[in-house]
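An overview of the molecular structure
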Amino acid sequence: MISRIDHIGIAVNSIGDAIQLYTEVLGLKVKDIEVVEDQKVKTAIIPVGESKIELIESTDPEGTIAKFIESRGEGLHHMALAVSDIDSALATLVDKGIALIDEKPRKGVENSRIAFLHPRGTRRVLLEIVES
Ligand code: ZN
């Protein structure tokens, strides 16, 4: 069902400030910066081999990323696993008793279809699955 780690999401106060570490220090390149209105975030996509680092900045003080940073500070936010068919993956997860945040796929970065699993069923790791 899962083919690879699609991306690691890192919550940051400011993409502009955080990006220097990944570009100037670590030598990676930013592929894209995108606002995802639905999720009230701006993201920077930084490819690393067949995976990506996704820096996530809140565009709204009431957004989930702003609240995450408020309570836990900047840092690792979620891990996304790639699946070829998200509808079938979600059905399989439900069959196996895994609680979902998103019962149906929603739109993610780069027009992808994504869904989050509920962290209570994943040892407190926020897992996203993404169709790709
Ligand atoms: Zn993500």
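Scroll up for the structure.
Summary of the structure given here. (Residues numbered from 1 in each chain as written. Predicted model: local features only at pLDDT ≥ 70, side-chain atom pairs only at ≥ 80, totals over all residues. Heavy atoms only, no water.)

1. Side note on the overall build of the protein chain
The helix and strand tally for the protein chain stands at 3 helices and 8 strands. Its helices and strands in sequence order give the protein chain the pattern β-α-β-β-β-α-β-α-β-β-β, from N to C terminus. The C-alpha atoms of the protein chain give 15 Å as radius of gyration, which agrees with the globular expectation for 132 residues (14 Å, within 12%). For the protein chain, the C-alpha atoms occupy an extent of roughly 45 × 30 × 25 Å along the three principal directions. Counting across all 132 residues of the protein chain, residues that qualify as buried make up 45%. Considering only contacts within the protein chain whose residues lie at least 6 apart along the sequence, 53% involve residues at least 24 apart. If you sum the accessible surface of the protein chain, you get close to 7,500 Å²; carbon and sulfur atoms cover 51% of it. Across the protein chain, the centroid of the 16 positively charged side chains sits 5 Å from that of the 22 negatively charged ones. (Helix = DSSP H or I, 4+ residues; strand = E, 2+ residues; numbered from the N terminus. Rg over C-alpha atoms; globule rule 2.2 N^0.38 Å. Buried < 20%, exposed > 50% of the residue type's maximum accessible area, 1.4 Å probe, protein only. Contact = heavy atoms within 4.5 Å. Areas by Shrake-Rupley, 256 points an atom, 1.4 Å probe, with all protein chains shown as cover. Lys, Arg positive; Asp, Glu negative; His and termini not counted. Charge placed at Lys NZ, Arg CZ, Asp CG, Glu CD.)

2. Remarks on helix 3 (residues 86–95)
For helix 3, the complete set of buried residues consists of Ile 86, Ala 89, Leu 90 and Leu 93. The buried residues of helix 3 all sit within an arc of 100 degrees when viewed along its axis, so they share a single face. Residues of helix 3 that are buried sit in contact with strand 5 (75–83), strand 7 (113–116) and strand 8 (127–131). The opening residue of helix 3 is Asp 85, an N-cap whose side-chain oxygen sits 3.1 Å from the backbone nitrogen of Asp 87. (Arc of directions from axis to C-beta. Polar contact = N/O pair within 3.5 Å; in protein donor to acceptor, adjacent residues only side chain to side chain.)

3. Observations concerning the pairing of strand 7
Direction of pairing for strand 6 (residues 106–107) relative to strand 7: antiparallel, over a ladder of 2 bridges. Residue pairing across strands places Lys 107 opposite Arg 113, the latter belonging to strand 7. Hairpin connection from strand 6 to strand 7: 5 residues lie between these consecutive antiparallel strands, with Glu 110 at a positive phi of about 55 degrees. Note that strand 7 and strand 8 share 3 bridges and pair antiparallel. Looking across to strand 8, one finds that Ala 115 is bridged to Ile 129. (Pairing = 2+ DSSP bridges.)

4. Overview of the environment of His 77
Along the chain, His 77 falls in strand 5. Sequence spacing of His 77 and Glu 110 is 33 residues, and the spatial spacing of their C-alpha atoms is 19 Å. Other than its neighbours up to four places away in sequence, His 77 contacts Gly 9, Ile 10, Ala 11, Ile 56, Ile 65, Phe 68 and Leu 126.

5. Here we look at the coordination of the zinc ion
Only His 7 (NE2), Glu 54 (OE), His 78 (NE2) and Glu 128 (OE) from the protein reach the zinc ion as donors, at distances of 2.0 to 2.8 Å. Coordination at the zinc ion is irregular, judged from the 4 donor atoms that bind it and the angles of 85 to 162 degrees they form at the metal. (Donors = N, O, S within 2.8 Å, 3.2 Å for Na, K, Ca; no water. Tetrahedral: all angles 85-135°; square planar, octahedral: opposite > 155°, others 65-115°.)

6. Topic: the sheet that holds strand 2 (residues 32–36)
The strand order across the open sheet formed by 8 strands is 2-3-4-1-5-8-7-6, and the pairing between neighbours is mixed. The open sheet has two free edges, formed respectively by strand 2 and strand 6, since each of these has just one partner strand. Pairing of strand 5 with strand 8 involves 5 bridges; the strand directions are parallel. Note that in strand 8 the partner of Val 83 across the bridge is Glu 131.

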